[in-house]
Amino acid sequence: MKNLKEVPVGGTARVVKIHGEGAVKRRIMDMGITRGVEITVRKVAPLGDPIEITVRGYELSLRKADAESIEVE
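Cut-offs and rules
Residues numbered from 1 in each chain as written. Predicted model: local features only at pLDDT ≥ 70, side-chain atom pairs only at ≥ 80, totals over all residues. Heavy atoms only, no water. Salt bridge = Lys/Arg side-chain N within 4 Å of Asp/Glu carboxyl O. Helix = DSSP H or I, 4+ residues; strand = E, 2+ residues; numbered from the N terminus. Buried < 20%, exposed > 50% of the residue type's maximum accessible area, 1.4 Å probe, protein only. Core = buried A, V, L, I, M, F, W, Y, C linked by side-chain atoms within 4.5 Å. Contact = heavy atoms within 4.5 Å. Pairing = 2+ DSSP bridges.

## Details of the pattern of salt bridges
Here's step 1: Summed over the entire model, instances satisfying the criterion amount to seven salt bridges.
Here's step 2: When the shortest N-O distance is used, the salt bridge between Arg27 and Asp66 registers 2.8 Å. Of the two residues, Arg27 is situated in helix H1 (residues 22–30) and Asp66 in helix H2 (residues 64–68); the sequence distance between them amounts to 39 residues.
Here's step 3: Owing to a relative accessible area of 34%, Arg27 belongs among the partly exposed residues under this scheme.
Here's step 4: Classification of Asp66 by relative accessible area gives buried; the value is 6%.
Here's step 5: If you follow the salt bridges from partner to partner, you end up with Arg27, Arg63 and Asp66 in one network.

Here you go:
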């Protein structure tokens, strides 16, 4: 399996699992990123951090460290 950080710009992936503990995992889930949801990578900043994604019809920016904790297929 790969993580969200490895998805290329313009690519789409489905969330399989969110790794992490407590508040970090809860914050990611509160943003609408849950198991089974489809995510499209829209942009990546020049230095690779943050990553802009589209999830559930809205745009969201994630830190690279948070994107690494989201397992996708």
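## Things to note about the nonpolar core
Here's step 1: Counting 19 residues, the largest nonpolar core has Leu4, Ile33, Ile39, Ile53 and Ile70 as its most contacted members.
Here's step 2: Where this core is concerned, the elements lending two or more residues are strand S2 (12–18), strand S3 (38–44), strand S4 (51–55), strand S5 (58–62) and strand S6 (70–72).
Here's step 3: Filtering out sequence-adjacent residues up to four positions away, Leu4 remains in contact with Ile39, Val41, Ile53, Leu62, Ala67, Ile70 and Val72.

## Quick notes on the pairing of S4
Here's step 1: For S4, the buried fraction is high: four of the five residues fall into the buried class.
Here's step 2: With five bridges connecting them, S3 and S4 associate as antiparallel partners. Residue pairing for S4: Lys43 is matched across the bridge by Glu52.
Here's step 3: Both S4 and S5 contribute to a ladder of five bridges, which runs antiparallel. Across the sheet, Ile51 pairs through a bridge with Leu62, a residue of S5.
Here's step 4: As consecutive antiparallel partners, S4 and S5 are separated by two residues, and within that stretch Arg56 has a phi angle of approximately 55°, a positive value.

## Quick notes on the pairing of S2
Here's step 1: Direction of pairing for S2 relative to S3: antiparallel, over a ladder of three bridges. Opposite Thr12, over in S3, you have Thr40 as the bridge partner.
Here's step 2: With three bridges connecting them, S2 and S6 associate as antiparallel partners. When the bridges of S6 are listed, Lys17 appears paired with Glu71.

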